[in-house]
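The primary structure of each chain is shown beneath.
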Amino acid sequence: MNILLTGGTGYIGSHTAVVLSQAGHEVVLLDNFCNSSPSVLERLEKILGKALPCIEADVRETDVVEKVLREYKIDAVIHFAGLKAVSESVANPVLYYANNVQGSISLLQAMQEVDVKTLVFSSSATVYGEPQYLPYDEDHPTKPMNPYGQSKLQVEEILRDLAASDSKWRITSLRYFNPVGAHESGLIGEEPNGIPNNLMPYVVKVASGELPHLNIFGDDYETLDGTGERDYIHVMDLAEGHMAALHFQNVNAGSNVVNLGTGKSSGVLEIVKAFENITGKVIPLQFAPRRAGDLPIYFAQTGLAKEQLHWVAKRNLIEMCESSWKFQELQGHVKGESEN
Ligand code: NAD
Ligand code: UFG
């Protein structure tokens, strides 16, 4: 298949590009590089032994997207392009709706024009909001707690209406839990700009000496060790989940929503311990107040992904920590290395 990855040079997009290309698909990337670097392309070339075509454009440039769909005879699109920082979405909701919702509408307009009607959409577990029960299954009520989550839910709803309007559409919204880790080569991984918001990239920067200590946001939750628990999923498992969704769509029309998680949750201290064991580094800790908007615990019901997509997450916490650290080391960010 010829597959277009919007946001394809980003964290999840680049790993999915590797999985799809190595499985024999023709992969085309489109990105405006607002949260990624063109250097990802060289690193993808090293992993794959060939260059992937990449178009520098914003998904809101409908005519450019349309041209790309025609020129590369695209069969399916995976729509990763979007902004994802929760706190930024609270501070600047218009930015988030413009990028995430307007961007998706622009892509759908281009796809409709060219008659490309197979789509996988990057949604998020954040659409569920406060758990009414756990694990979250796909029928759990949705009530996002911030504009970012709201933007994802709005796109899911547009996609549902679209599939209902035309039986040729094949759409899967994948609700990711907490993606972490990196490709085994250590060449690609998560590269947040500035000080990371998310746990794993923060821990990595503390281990490398770039940040002095980890703040643990809350130690009095009703969880096993009092810290927040999440369903961390290896980014390569997540990448493989996209290929499984495309395979499912080849034989099933209509729209679908599927969780991609492991079904298990880990606390902050468990992550820290696993990371310390693997790297031999000590992660200095400070307990801090709960972070506004954080939920105590959530994790995925994974039955639907297994049943429909024939996909399950295979990689464990150790592989998540090892690959994150390898990526960090290879980027040459480890403090002291450059001075030796
Ligand atoms: P990322 O920021 O690394 O990748 C997104 C990519 O999209 C970046 O390369 C960015 O430059 C590009 N982009 C953003 N807006 C664009 C636009 N208007 N036009 C073209 N390119 C644009 O993020 P990621 O972690 O790879 O996430 C990919 C998708 O998955 C996002 O939609 C995100 O909301 C969703 N998601 C991520 C997580 C997570 O924790 N990483 C969890 C749930 C859902
Ligand atoms: N945490 C800390 N210290 C930090 C960072 C995080 O203690 O420096 C804790 C948080 O309080 C939470 C856990 O680590 O308990 C995980 O936090 P992350 O920021 O890594 O992840 P979140 O679950 O808050 O959110 C992430 C993405 C969202 C996405 C969601 C999907 O940021 O965009 O996962 O489940 F929607």
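In this text, all values refer to a predicted model and were calculated from it rather than measured experimentally.

What counts and how
Residues numbered from 1 in each chain as written. Chains lettered and ligands numbered in written order. Predicted model: local features only at pLDDT ≥ 70, side-chain atom pairs only at ≥ 80, totals over all residues. Heavy atoms only, no water. Near = heavy atom within 4 Å. Polar contact = N/O pair within 3.5 Å; in protein donor to acceptor, adjacent residues only side chain to side chain. Areas by Shrake-Rupley, 256 points an atom, 1.4 Å probe, with all protein chains shown as cover. Helix = DSSP H or I, 4+ residues; strand = E, 2+ residues; numbered from the N terminus. Nonpolar A, V, L, I, M, F, W, Y, C, P; charged D, E, K, R; others polar. Pairing = 2+ DSSP bridges. Axes fitted to C-alpha atoms, helices over the stretch in contact; angles between N-to-C directions. Contact = heavy atoms within 4.5 Å. Buried < 20%, exposed > 50% of the residue type's maximum accessible area, 1.4 Å probe, protein only. Core = buried A, V, L, I, M, F, W, Y, C linked by side-chain atoms within 4.5 Å. Salt bridge = Lys/Arg side-chain N within 4 Å of Asp/Glu carboxyl O.

I would appreciate a short explanation of the site of ligand 1 in the present structure.
Surveying the vicinity of ligand 1 reveals 27 residues, the closest of which are Asp31, Asn35, Phe80, Lys84 and Tyr148. At 2.8 Å, a backbone N or O of tyrosine 11 approaches an oxygen atom of ligand 1. With respect to ligand 1, the backbone of cysteine 34 contributes an N or O atom lying 3.1 Å from an oxygen atom. Look at ligand 1: alone it shows 820 Å² of surface, and the protein chains cover 95% of it. Those elements giving two or more residues to the shell around ligand 1 turn out to be helix 1 (11-22), strand 5 (118-124) and helix 6 (147-165). Residue contributions to the shell around ligand 1 peak at three residues, all from strand 5. Looking at side-chain class alone, the shell around ligand 1 contains 11 nonpolar, 11 polar and five charged residues.

Sorry if this is basic, but what is going on with the sheet that holds strand 6 (residues 170-176) here?
The strands that make up a sheet are held in pairs by hydrogen bonds between backbone atoms, and each pair lies either parallel or antiparallel. The parallel open sheet is built from seven strands, whose spatial order is 3-2-1-4-5-6-11. On the outer flanks of this sheet lie strand 3 (54-56) and strand 11 (254-260), each paired with one strand and no other. Here the strands of the sheet are splayed against their neighbours by 20 degrees on average, with no regard to which way each runs. Here strand 1 (residues 2-6) pairs with strand 2 (residues 26-31) via five bridges, running parallel. Each bridged residue has a counterpart across the sheet, and for asparagine 2 the counterpart in strand 2 is glutamate 26. Each of strand 5, strand 6 and strand 11 touches helix 6; the most contacted strand, strand 5, lies at about 155 degrees to it.

Would you take a moment to explain the side chain of glutamate 190 for this structure?
For glutamate 190, the position within the fold is in the loop between strand 7 (178-180) and helix 7 (199-207). Using a relative accessible area of 18% as the deciding quantity, one classes glutamate 190 as buried. Those residues in contact with glutamate 190 that lie beyond four places of it in its chain are Tyr11, Lys84, Pro179, Asn198, Pro201 and Phe327.

Help me understand the nonpolar core in this model?
Within soluble globular proteins, side chains that are nonpolar generally end up buried alongside one another. Counting 38 residues, the largest nonpolar core has Leu5, Leu20, Ile78, Leu174, Leu260 and Leu309 as the members making the most contacts within it. For this core, the element with the highest residue contribution is helix 8 (residues 235-251), accounting for nine residues. For leucine 309, the residues in contact, after removing those within four places along its chain, are Leu174, Gly241, Ala244, Ala245, Phe248, Val258, Leu260 and Leu304. The next biggest cluster of nonpolar side chains, apart from the first, holds 26 residues, and it includes Leu30, Ile55, Val65 and Phe121.

Please clarify how the pattern of salt bridges should be interpreted in this entry.
Side chains bearing opposite charge may pair, as long as their charged atoms lie close to each other. The tally for this structure, following the rule as stated, stands at 16 salt bridges. Among the charged side chains, a salt-bridge network with shared partners connects Asp115, Lys117, Asp166 and Lys168.

Looking at this structure, how should I read the site of ligand 2?
The environment of ligand 2 is made up of 24 residues, and the closest members are Ser124, Asn198, Asn215, Arg230 and Asp294. In this structure, asparagine 178 approaches ligand 2 through a side-chain N or O atom, which is 3.0 Å from an oxygen atom. Leucine 199 has a polar backbone atom sitting 2.8 Å from an oxygen atom of ligand 2. Protein coverage of the free-state accessible area of ligand 2, which is 690 Å², stands at 91%. For the shell around ligand 2, the elements supplying multiple residues, two or more each, are helix 7 and strand 8 (214-217). Its residues placed into classes, the shell around ligand 2 shows 13 nonpolar, seven polar and four charged.

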